Amino acid sequence: MAKRVGMEVSIAAAEAVKQANVDVISAYPITPQTHIVEHLSEIVANGEMDAEFFCVESEHSAMSICIGSEATGARSFTCTSAQGLALMAEMTYIASGLRLPILMIVANRTLSAPLSIWNDHSDVMMIRDCGWVQYFVENGQEVYDHVFISYRLGEDRKVLFPVIINMDGFVLSHVIEPIELIEQEKIDQFLPPYQPLHQLHPDKPITMGAFALPAIFAETKKAQEVALRGAMPKILEVWKAFGDMTGRYYHPVETYKAEDAETLLVTMGSIGETASVAVDQMREEGRSVGLVKIRLWRPFPFEALKQATLHAKNLVVIDRAVSVGGPGGPVASEVKAAIYGEPIRPSIYNFAAGISGRDVAPFDFIKMIDKAEIEIEEGNKEGFEIYGVRE
Amino acid sequence: MMENLNVFAVRTLTQKEYFAPGHRSCQGCAEALAVRLVCKALGRNIIIAAATGCMEIVSSPLPFTSWRVPWFHCAFENTAAVASGIEVGLKVLMRKGRIPQKKIVTVGMAGDGGTADIGLQALSGALERGHDFIYVCTDNEAYMNTGIQRSSSTPFGASTTTSPAGKTKMGQITWKKNMAAIAAAHNIPYVATACPSYPMDLIQKVKKAADIKGAAYLHILSVCPTGWRSAPDLSIKLGRLAVETGTFPLYEVEHGRYHLNIDFPKLKPIKEYMKLQGRFRHLTEEMIEEIQARINHDYEQLRERDKRGF
């Protein structure tokens, strides 16, 4: 029987990296990611894990080491936040272009300026189009589980993409939660050692990272686009296999009391759990409200999202980042794009909430829904606002 | 004696080419020659991590490659970090028995821009961590790939497209960064300068670097006719003059001990070196004298270190 223990989510993430038999870990300290690397370095120093751990001189080098080691066929891991992610942004595009299945946990944090260490999604939205598979998890158990899921998916020869697990900084990274640890034998079965399709070795010399002239670049980009979109069946398959092993089944888009709801909240990340409390309260008051949670950010689950939302009258999309000077929040942009072609579609009201760690409590969701329903009623069907700003 | 050795010893080299002919470098590119010699010296059991730059562009236009050894290019500023990753990956995979035990030399290769400027941080990190690898900087003294812009390795007085000789400024106004000394300051076991005009010296240094456990840094002067505005058939001669004038002395720093490989009792005047290069054409006699004084001073300092040993 699986063991259920209370532990800090960052520690659980590090334990999962250990259980996934990662070969190379390379990282640079940045709040709120630090506890993961601290614990991993401890595990390696104590000989509990046979891996090479390098605390390097920058995030750019952390990702570069992972790229180098992954290219030799070693399972590689890094994690970062905000400014660190910004510094390694260049290499995130290269890792996916080279089809190297590195795993990175991003403890999501606000991008400066002003400097802030607290949580929102502005960091990862900066590299939204970097070509990695991207999950957003809701709680510690999901972080732990997705370490195994990510490697199994990324290393699949039909996929071969790096994977980001987005977990909200502090809100998840620094809280103690009950985590159900999986037995090592089960993990070894679920996640066999990495068998790279290509690896750097003198016995079979290959050139990796050649440059492309315009005559061939578009073809390489299309190959990447087709492959990332085409990863969807594998994503579902790996989640199914994981569910069969643990009883915890994951889906690209998940719903809560959404089937008959007139107004749907759409969230991504840890605020989904708080939002469900708000939905319960509003249901008790007899209001027709439900919740749609996006777990898979890339490849974006257009079909699943449509299925979950098209029946509703209003969508209240909660973003954790702002596309300054643009269309509002990035999640709302995607939701709008997903349903744009439908003849009958819900109105969308978009809030950016919890910017830089400002608390979003259940009553905030209720306020946002109240506001959105009034605005939509009054004809403002595509509104956007940053929630809770003192003016 | 060195001259005679160079005549017959070259014939003892392997005929095998790991950097294949047919690449697209300019005529008279001494960097291509340097890379070819490095590969010859190391043989097939290597993995190269290369920086963006001339060598990457001339050797890897998809779907072609000039590399008969595993070759990996990612970006410009992180060659030393990528090489670190390769070294670490090989080490852990061998330890875990997932690939057979075997000596594989990891080589990082970058130009002067990718080393002395944008790649300095990653290089410093890798040298400090002490990865077992060779870092080769092929120094052609400017950003030649993007069109001859100045780097911190461009010599004083040289005219480049971003340090042009104008009415008020006479080309590059800063002195060449001493990368070998910076590498040596990391207390790594082996640092050396080399030039493909002295092929046997270069090859011996590469082999030594491969044998030494830990990080080794090789700084190779690579004459660039396109950027230096020199005749392509003078590249070997210019490399020799660079050494003979004391502009680019050949030396090693082994565990902190300096050793001047070729010492000249009397250096040739740098004018002989400069007059063959269009990039110095605008220099006045006074400026050449100023440069000569600096080179004499630096060379004397190196001689002192050679005598002292540190």
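Quantities reported herein were computed from a predicted structural model and do not represent experimental measurements.

S.K.: Residue-level account of the interface of chain A and chain B, with values.
M.R.: Contacts between the two partners involve 38 residues from chain A and, on the opposite side, 42 residues from chain B. For the side of chain A that touches chain B, the secondary structure elements donating two or more residues are strand S3 (52-55), helix H3 (59-72), helix H5 (89-97) and strand S9 (207-208) of chain A. Residue contributions to the side of chain A that touches chain B peak at 10 residues, all from H3(A). Residues that form the side of chain A that touches chain B fall into these classes: 22 nonpolar, 11 polar and five charged. As paired elements, S9(A) and strand S2 (residues 71-73) of chain B share two bridges and run parallel to each other. From the neighbouring strand, A:Thr207 faces S2(B), where its bridge partner is B:Trp71.

S.K.: Can you explain the sheet that holds strand S6 (residues 133-136) of chain A? Please cite residues and give values.
M.R.: All names here are of chain A. The strand order across the open sheet built from seven strands is S3-S2-S4-S5-S7-S6-S13, with neighbouring strands paired in mixed fashion. Each having just a single partner strand, S3 and strand S13 (296-298) make up the two edges of the open sheet. Within the sheet, the average angular offset between the axes of one strand and its neighbour, ignoring direction, is 20°. Inspection of the sheet shows S6 paired to S13 by two bridges, in the antiparallel sense. Looking at S13, one finds that Tyr135 is bridged to Leu296.

S.K.: Give a detailed account of the sheet that holds strand S15 (residues 347-352) of chain A, specifying residues and quantitative values.
M.R.: All names here are of chain A. Read across the open sheet, the six strands follow the order S10-S12-S11-S14-S15-S16; overall the sheet is mixed. The strands lining the two open edges of the sheet, one partner per strand, are strand S10 (253-256) and strand S16 (384-386). Within the sheet, the average angular offset between the axes of one strand and its neighbour, ignoring direction, is 20°. One ladder, built from three bridges, connects S15 with S16; its direction is parallel. For Phe351, the partnering residue across the bridge sits in S16 and is Glu385. With respect to the sheet, helix H11 (residues 271-284) is in contact with S10, strand S11 (263-268), strand S12 (289-294) and strand S14 (314-319), its orientation differing from that of S12 by roughly 170°. Lying over the sheet, helix H12 (residues 302-309) contacts S10, S11, S12 and S14, oriented at roughly 15° with respect to S10.

S.K.: Residues and numbers for the domain arrangement of chain A, please.
M.R.: Residues and elements named next belong to chain A. On domain assignment, one finds that chain A holds domain 1 (3-246) and domain 2 (253-386). Of note, the centres of domain 1 and domain 2, computed from C-alpha atoms alone, are 28 Å apart. Tallying the contact residues gives 26 residues for domain 1 and 19 residues for domain 2. Within the residue set of the side of domain 1 that touches domain 2, elements represented by two or more residues are helix H6 (122-126), S6, strand S7 (163-168), helix H9 (214-230) and helix H10 (232-246). The element that contributes the greatest number of residues to the side of domain 1 that touches domain 2 is S6, accounting for four residues.

Cut-offs and rules
- Residues numbered from 1 in each chain as written.
- Chains lettered and ligands numbered in written order.
- Predicted model: local features only at pLDDT ≥ 70, side-chain atom pairs only at ≥ 80, totals over all residues.
- Contact = placed C-beta atoms within 7 Å.
- Helix = DSSP H or I, 4+ residues; strand = E, 2+ residues; numbered from the N terminus.
- Nonpolar A, V, L, I, M, F, W, Y, C, P; charged D, E, K, R; others polar.
- Pairing = 2+ DSSP bridges.
- Axes fitted to C-alpha atoms, helices over the stretch in contact; angles between N-to-C directions.
- Domains from an automatic or database assignment.

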